Amino acid sequence: MMNVPFYSLDYVNRALGDALRESFSDVLDSKWFIRGNRCREFEDAFAAYCGKKACVGVGNGLDALTLMLKASIILGRIAEGDEVIVPANTFVATVLAVRAAGLVPVLVEPDPVTCNLNVQHLQEACSEKTRAIIAVHLYGRLADMPAICEFAKAKGLLVFEDAAQAHGACGESYSSNAAAYSFYPTKNLGAMGDGGAVVTDDVELAQVVKSLGNYGSVEKYVNEFVGVNSRLDEVQAAVLLAKLPHLDSWNKRRQEIAARYCAEIKNPLVRVTLVPANPQSHVWHVFPVFCETRDDLQMFLKGRGVETLIHYPIPPHLQQAFSGSTSRGELRHGKLPVAERLAKTELSIPMGPSMTEDQVSYVVESLNAYAR
Ligand SMILES: *Cc1c(COP(=O)(O)O)cnc(C)c1O
């Protein structure tokens, strides 16, 4: 039997251990730990990497989402109480951010094949109160952004991206208002603690996000906005600076593993639905398979030493946290059968640049050996 962890940093730490230790001692020697040169350097590097004008480092991905929305309210582009469309099968943070900004989340069924928003469902979800869409690039797969942006333009809506799982995914060009990233340690680009960023071509928006993350102040002790404390610290920025040049090669390795999974997993009980038309547009933050007897499959794989996770077992609208709310958002139609089905059938199998070919073969073999 082989043990295959769901995700491991072995390879990354081995390849970059010395560089990372050097980063730590540089920060230590600099004696400057917050809002220093490394944060600015990383912001410039990540903006350039994303092909955008501005990047603002913040404390985590949830804050990146929240501050991007709050800044849009401050700038008068949306207003408190406006409806924001969010896919119903997202990680809870997307919904929490909308609520935290005083906006109303409207949960919309995803496309059952891509697991992302599609324009037909957007059309059905729009009301006269809808002012924005948050596209979540779930599992690392870019949502159909050209179509979503075109739809939004026709309706006069803003488009935001939750790109927390999609660092480096690229497709046809499109223009959103801003994208929020997380650098949680297990993301495709991960720090050694919490971190996040807002990336945008809207320089004005970036300035307000920056100020909001620093108590709402640009000039020390002068507070323009009701802000929070949410900053990317120097240690995290240094780690991210050391890792960023390797992101593309790590994503490429994920794409190679995914290509093998897509070609070699052959079991009528295990569906692989996410084969992308353009391989670059999917960076496989996780590799999901779908199975009617998901819990049984998970136990079977565990018995063979293959670790798996579920993304996500309970969709946001069924979480107790939102049970008291009566807004159109959370209770839309009362039921979201596609999102609920995905939650019941999804299983994420091992994925990441540390995986060896033997491990990939073993995971494939194990999935193909599953029977009822
Ligand atoms: C990880 C993640 C977040 C939140 O990021 P944190 O840094 O953990 O706050 C938000 N949205 C999605 C889709 C994520 O995967």
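These numbers were taken from a predicted model, which means no experiment stands behind them.

As for the site of the ligand
As a structural note, the neighbourhood of the ligand is formed by 13 residues, with Gly61, Asp162, Gln165, Ser182 and Lys187 the closest of them. In the model, an oxygen atom of the ligand is placed 2.7 Å from a nitrogen or oxygen of the serine 182 side chain. Lysine 187 has a polar side-chain atom sitting 2.7 Å from an oxygen atom of the ligand. Here the ligand loses 90% of its free accessible area of 380 Å² to cover by the protein chains.

Quick notes on the domain arrangement of the protein chain
When cut into domains, the protein chain gives domain 1 (10–107 + 115–244) and domain 2 (246–369). Contacts between the two partners involve 43 residues from domain 1 and, on the opposite side, 37 residues from domain 2. Interface area, domain 1 with domain 2, both sides summed: about 3300 Å², of which 61% is carbon and sulfur. Where domain 1 packs against domain 2, one counts 0 salt bridges.

Here we look at the nonpolar core
Within the largest apolar cluster, 35 residues are counted, with the highest numbers of intra-cluster contacts made by Leu69, Leu103, Phe160 and Val209. Looking at this core, the elements that each hand over two or more residues are strand S1 (54–58), helix H3 (61–74), strand S2 (83–87), helix H4 (92–100), strand S4 (130–136), strand S5 (158–162), strand S6 (178–182) and helix H7 (203–212). By residue number, the principal contributor to this core is H3, which donates 7 residues. In terms of domain composition, this core takes at least three residues from each of domain 1 (10–107 + 115–244) and domain 2 (246–369).

Regarding the packing of helix H1 (residues 10–30) against helix H8 (residues 234–243)
Two elements in contact, H1 and H8, have axes separated by 9 Å at closest approach and are oriented at 140 degrees. By the angle between their directions, the pair H1 and H8 is classed as oblique. For H1 against H8, the interelement crossing comes out right-handed. When H1 is examined against H8, the residues Val12, Leu16, Leu20, Ser23, Phe24 and Val27 are found in contact with a partner set consisting of Glu234, Val235, Ala238, Val239, Ala242 and Lys243. Partitioning the contact of H1 with H8 into residue classes produces 9 nonpolar, 1 polar and 2 charged.

Some details on a negative patch on the surface
A contiguous patch of negative charge on the surface is contributed by Asp18, Glu22, Asp26 and Asp29. Take aspartate 26: it is sitting in helix H1.

Focus on a nonpolar patch on the surface
A contiguous nonpolar patch, built from Leu28, Phe33 and Ile34 and spanning about 300 Å² of accessible area, is present on the exposed surface. Relative to the helices and strands, phenylalanine 33 is located in the loop between H1 and helix H2 (37–50).

Let's talk about the pattern of salt bridges
Going through the model one piece at a time under the given rule, you end up with 15 salt bridges. The residue glutamate 256 makes a salt bridge to arginine 253 at a minimum N-O spacing of 3.1 Å. Of this pair, glutamate 256 and arginine 253 both sit in helix H9 (residues 247–264), 3 residues apart, which is roughly one turn of that helix. A salt bridge links arginine 260 to glutamate 357; the nearest nitrogen and oxygen atoms lie 2.7 Å apart. You can see arginine 260 sitting in helix H9 and its partner glutamate 357 sitting in helix H13 (residues 357–369), a full 97 residues away along the chain. Overall, arginine 260 belongs to the buried group, its relative accessible area being 19%. Using a relative accessible area of 37% as the deciding quantity, one classes glutamate 357 as partly exposed. In the salt-bridge network here, residues are joined through shared partners; they are Lys252, Arg253, Glu256, Arg260, Glu264 and Glu357.

Remarks on the confidence of the model for the protein chain
In the predicted model, the protein chain carries a mean pLDDT of 95, and the fraction of residues at 70 or more is 97%. In this model residues 327–331 is a low-confidence stretch, pLDDT under 50, and it forms 20 contacts with partners more than four residues away in sequence or in other chains.

About the thresholds
- Residues numbered from 1 in each chain as written.
- Predicted model: local features only at pLDDT ≥ 70, side-chain atom pairs only at ≥ 80, totals over all residues.
- Heavy atoms only, no water.
- Near = heavy atom within 4 Å.
- Polar contact = N/O pair within 3.5 Å; in protein donor to acceptor, adjacent residues only side chain to side chain.
- Areas by Shrake-Rupley, 256 points an atom, 1.4 Å probe, with all protein chains shown as cover.
- Domains from an automatic or database assignment.
- Contact = heavy atoms within 4.5 Å.
- Buried area = accessible area lost by both parts, 1.4 Å probe.
- Salt bridge = Lys/Arg side-chain N within 4 Å of Asp/Glu carboxyl O.
- Core = buried A, V, L, I, M, F, W, Y, C linked by side-chain atoms within 4.5 Å.
- Buried < 20%, exposed > 50% of the residue type's maximum accessible area, 1.4 Å probe, protein only.
- Helix = DSSP H or I, 4+ residues; strand = E, 2+ residues; numbered from the N terminus.
- Axes fitted to C-alpha atoms, helices over the stretch in contact; angles between N-to-C directions.
- Parallel < 35°, antiparallel > 145°, perpendicular 65-115°, else oblique.
- Left-handed = near helix turned anticlockwise from the far one by under 90°.
- Nonpolar A, V, L, I, M, F, W, Y, C, P; charged D, E, K, R; others polar.
- Patch = residues over 30% accessible without salt bridge, like charges linked within 9 Å, V, L, I, M, F, W, Y side chains within 5 Å.
- Lys, Arg positive; Asp, Glu negative; His and termini not counted.
- Charge placed at Lys NZ, Arg CZ, Asp CG, Glu CD.
- pLDDT = per-residue confidence, 0-100.

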